[in-house]
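# Understanding the architecture of this molecule
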Amino acid sequence: MEQQDLIPLPGEVVEEYRRPLPEAARRRSSLPGEVVEIYRQPPPGEVVEVYRRPRPAPPRRAAAPQTAAPPPRRSKKGLWIFLSCFGLVLALAAASAFLDRGAPRPARPDPFDYDFQEPGASDDPEEIAFPTWPTGLGISLPVERQHGGALTAQEVYRQVNPAVVVVLADLGDGSASVGTGVLFTRDGYLITNYHVVEGGQSCTVALDSGRSYEAKYVAGDADSDLAVLKVGGADLPAAVFGDSDLLTVGDKVYAIGNPLGVELRGTLTDGIVSAIDRDVSVDGRTMTLLQTNAALNSGNSGGPLINEYGQVVGINTIKMTSRYSSVEGLGFAIPTSYMERAVNDLLTFGALQPEPLLGVTVLQVAEQTEEGLWGIQVQSVSKNSPADKAGVREGDYILSAGGQSISSSQNLLRVRRQCHLGDELPMTLWRDGETLDVTLHLTQPTA
């Protein structure tokens, strides 16, 4: 199906398809074809997709055999007219290409620019000016480390959709930013993308039930593209958050959100995990994200990426696009493995805190020692780092850290994310046939 350029029209044609009438119906009607499906929105609007196929010529009836006179000779006038027009079109196309060569091509219109604020729209984050809610109240983002059995798509939707909300931020200049959010506590705390509420003068949150609330701003971080909001109310639906570190490439995932705005709210799409720990450059900063082929569009920002057990494992943040080629199935989400620490910092301190330094480079997967113990091998130790000062050496095996068994580098990263500057991290090592207990005094990373 050919994708046409997006052009402004007074109405929005979502899909239009015409097919030829049967011969019997054609004799009863002068219409060129039958409208099978057509949908129009009230103006103003924009063409999202139009597909037109030329109507095939009606089948030519076979002429009855004639013996009295030979068939009339066909005229070639129509053929010469067609060839002349075709040659003229080719000549005009060649002339246009010659005149346009070297001139910049005009940018194709972005159908979302008029309604939606895209991530990375500005180099400097804009101030969020709507009323605030205090931090440091002992609230945290709960993340489940276990899960039950797999659910059907219908069960996932019924379980999570009530906690998915529309986030509408008034930008104060007659425009609004529309996105998605997800409630994580029953008393009204929710997560969305920072770019959804950036520059907002006020914010309204609407639930799937139809109830709407004025939202207050708790805290946010532009580099992480995360923001926490608070709405009033009690006994609100809340989603269950799961551990994104348990995902593998190929796992089934779902997305729920409001693509293209409020009218398509609560849209469910599905796909798989396409990649894990994908480093993506966004407006000069690098974000480590989950990649998925679940359909994401403007308005999905801030919505949940859900595993097959009905747990939110990421917050959808960007979709990769191109003005020069068709790009589909490249969506990205902030994983809960990172988001857990970031959101808890925002809830407790109102800003992200620096992650402490360990000072070791390790293998990704655990290996078995001669005594049958499992641990990850240390490849190198940074000089004067907490690990170096604690006595960790190259070739050691880290068996546990912070009281948790270490079977992969991801386990060690998870333990580090739970620590803050000044904390002490106990660690058990295996070296030359014996186990050693050391303690790392965590410090801030240095450039």
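Residues numbered from 1 in each chain as written. Predicted model: local features only at pLDDT ≥ 70, side-chain atom pairs only at ≥ 80, totals over all residues. Heavy atoms only, no water.

Secondary structure assignment for the protein chain yields 7 helices and 26 strands. Burial analysis of the protein chain (447 residues in total) assigns 39% to the buried set. Look at the contacts in the protein chain between residues 6 or more apart in sequence, and 64% of them connect residues 24 or more apart. Carbon and sulfur atoms make up 53% of the accessible area of the protein chain, which amounts to about 25,400 Å² in all. (Helix = DSSP H or I, 4+ residues; strand = E, 2+ residues; numbered from the N terminus. Buried < 20%, exposed > 50% of the residue type's maximum accessible area, 1.4 Å probe, protein only. Contact = heavy atoms within 4.5 Å. Areas by Shrake-Rupley, 256 points an atom, 1.4 Å probe, with all protein chains shown as cover.)

Time to look at the pattern of salt bridges. A full pass over the atoms with the stated rule returns 9 salt bridges. Between Arg 341 and Asp 345 there is a salt bridge, and its shortest N-O distance comes to 3.7 Å. Placement of the pair is Arg 341 and Asp 345 together in helix 5 (residues 336-349), with a separation of 4 residues, close to one helical turn. Asp 345 gets classed as buried once you look at its relative accessible area, which sits at 2%. The salt bridge partner of Arg 416 is Glu 355, with a shortest N-O separation of 2.6 Å. In this pair, Arg 416 sits in helix 7 (residues 409-417) while Glu 355 sits in the loop between helix 5 and strand 20 (360-362), placing the two residues 61 residues apart along the sequence. According to the relative accessible area criterion, Arg 416 is partly exposed, its value standing at 23%. Classification of Glu 355 as partly exposed rests on a relative accessible area of 23%. Three or more residues are tied together by salt bridges with common partners; here these are Arg 145, Asp 243, Asp 245, Glu 340 and Arg 414. (Salt bridge = Lys/Arg side-chain N within 4 Å of Asp/Glu carboxyl O.)

This part covers the nonpolar core. Judged by nonpolar contacts, the single largest core of 54 residues is most densely connected at Val 197 and Phe 241. Ranked by residue count, the leading element in this core is helix 5, at 5 residues. (Core = buried A, V, L, I, M, F, W, Y, C linked by side-chain atoms within 4.5 Å.)

As a further point, take the packing of aromatic side chains. Applying the stated rule across the entire model yields 4 aromatic pairs. With a centroid separation of 6.0 Å and an interplanar angle of 75 degrees, the aromatic rings of Phe 130 and Tyr 217 are classed as edge-to-face. A residue pair is termed long-range when its members are at least 10 positions apart, and Phe 130 in the loop between helix 2 (77-100) and strand 5 (143-144) and Tyr 217 in strand 11 (residues 216-221) qualify at 87 residues. With respect to class, Phe 130 is no different from Tyr 217; both count as buried. Taking 5.7 Å as the distance between ring centres and 70 degrees as the angle between the ring planes, the aromatic pair formed by Tyr 397 and Trp 430 counts as edge-to-face. Of this pair, Tyr 397 sits in strand 23 (residues 397-401) while Trp 430 is found in strand 25 (residues 424-431), placing the two residues 33 residues apart along the sequence. Judged by relative accessible area, which is 11%, Tyr 397 ranks as buried. Looking at Trp 430, the relative accessible area reads 8%, which means it is buried. Aromatic ring contacts, followed pair by pair, group Phe 184, Tyr 189 and Phe 241 into a single cluster. (Phe/Tyr/Trp six-rings, centres within 6.5 Å; stacked < 30°, edge-to-face > 60°.)

In this model, the second largest pocket occupies a volume close to 360 Å³. Those elements giving two or more residues to the lining of the second largest pocket turn out to be strand 16 (285-292), strand 19 (331-335), helix 5 and helix 7. Residue contributions to the lining of the second largest pocket peak at 5 residues, all from strand 16. (1 Å grid on protein atoms, 1.4 Å probe; cavity = no way out; pocket = protein on both sides within 12 Å on 5 of 7 lines; lining within 4 Å. Points joined across faces, edges and corners; volume = space filled by probe spheres on them.)

Moving on to the pairing of strand 15 (residues 267-282). Pairing between strand 14 (residues 252-257) and strand 15: 6 bridges, direction antiparallel. What sits directly across from Tyr 254, in strand 15, is Asp 270. Sheet topology places strand 15 next to strand 16; 7 bridges connect them, and they run antiparallel. The residue of strand 16 that forms the bridge with Ser 281 is Thr 286. (Pairing = 2+ DSSP bridges.)

Take the side chain of Ser 301 next. Its place among the elements puts Ser 301 in the loop between strand 16 and strand 17 (304-307). Judged by its relative accessible area of 12%, Ser 301 is buried. Ignoring anything within four residues of it in the chain, the contact list for Ser 301 reads Gly 179, Thr 180, Thr 192, Asn 193, His 195, Val 196, Asn 316 and Thr 317.

With that out of the way, let us pick up the side chain of Asn 300. Tracing the chain through its elements places Asn 300 in the loop between strand 16 and strand 17. Excluding residues within four positions of it along the chain, Asn 300 makes contact with Thr 180, Ile 256, Gly 257, Asn 258, Pro 259, Ala 295 and Asn 316.

It is worth spelling out unusual backbone geometry at this point. The phi torsion of most residues other than glycine is negative, and most of the peptide bonds are trans. In the Ramachandran plot, Asp 277 falls in the positive-phi region, its phi being about 55 degrees despite a non-glycine side chain. Relative to the elements of secondary structure, Asp 277 occurs in strand 15. Phi at Asn 384 is positive, roughly 65 degrees, even though this residue is not glycine. A residue is classified by how much of its surface remains accessible, and Asn 384, at 54% relative accessible area, is exposed.

Next up on the list: helix 5. Under the 1.5 Å per step criterion, the end-to-end length of helix 5 is 19 Å for 14 residues, consistent within 8% with the ideal 20 Å. Phi turns positive, to about 85 degrees, at Gly 350, one or two residues after helix 5. (Expected span 1.5 Å × (residues − 1).)

Tracing the backbone shows Glu 371 in the loop between strand 21 (367-368) and strand 22 (374-381). Taking relative accessible area as the criterion, Glu 371 reaches 45% and is therefore assigned partly exposed. As a C-alpha pair, Glu 371 and Glu 434 span 63 residues in sequence and 8.9 Å in three-dimensional space. Excluding residues that lie within four positions of it along the chain, Glu 371 makes contacts with Trp 430 and Gly 433. Polar contacts involving the side chain of Glu 371 include one to the side chain of Trp 430, which spans 2.9 Å. (Polar contact = N/O pair within 3.5 Å; in protein donor to acceptor, adjacent residues only side chain to side chain.)

So, about the sheet that holds strand 12 (residues 226-230). Taking strand neighbours across the sheet as the criterion, the 7 strands line up as 10-9-6-7-8-12-11 in an open arrangement whose pairing is antiparallel. Of all the strands in the sheet, just strand 10 (212-214) and strand 11 have a single pairing partner and so form its edges. Each strand of the sheet is rotated relative to its neighbour by a mean of 30 degrees, with strand direction disregarded. Across 3 bridges, strand 9 (residues 202-206) lies against strand 10 in antiparallel orientation. Considered in strand 10, the bridge of Ala 206 is made with Ser 212. (Axes fitted to C-alpha atoms, helices over the stretch in contact; angles between N-to-C directions.)

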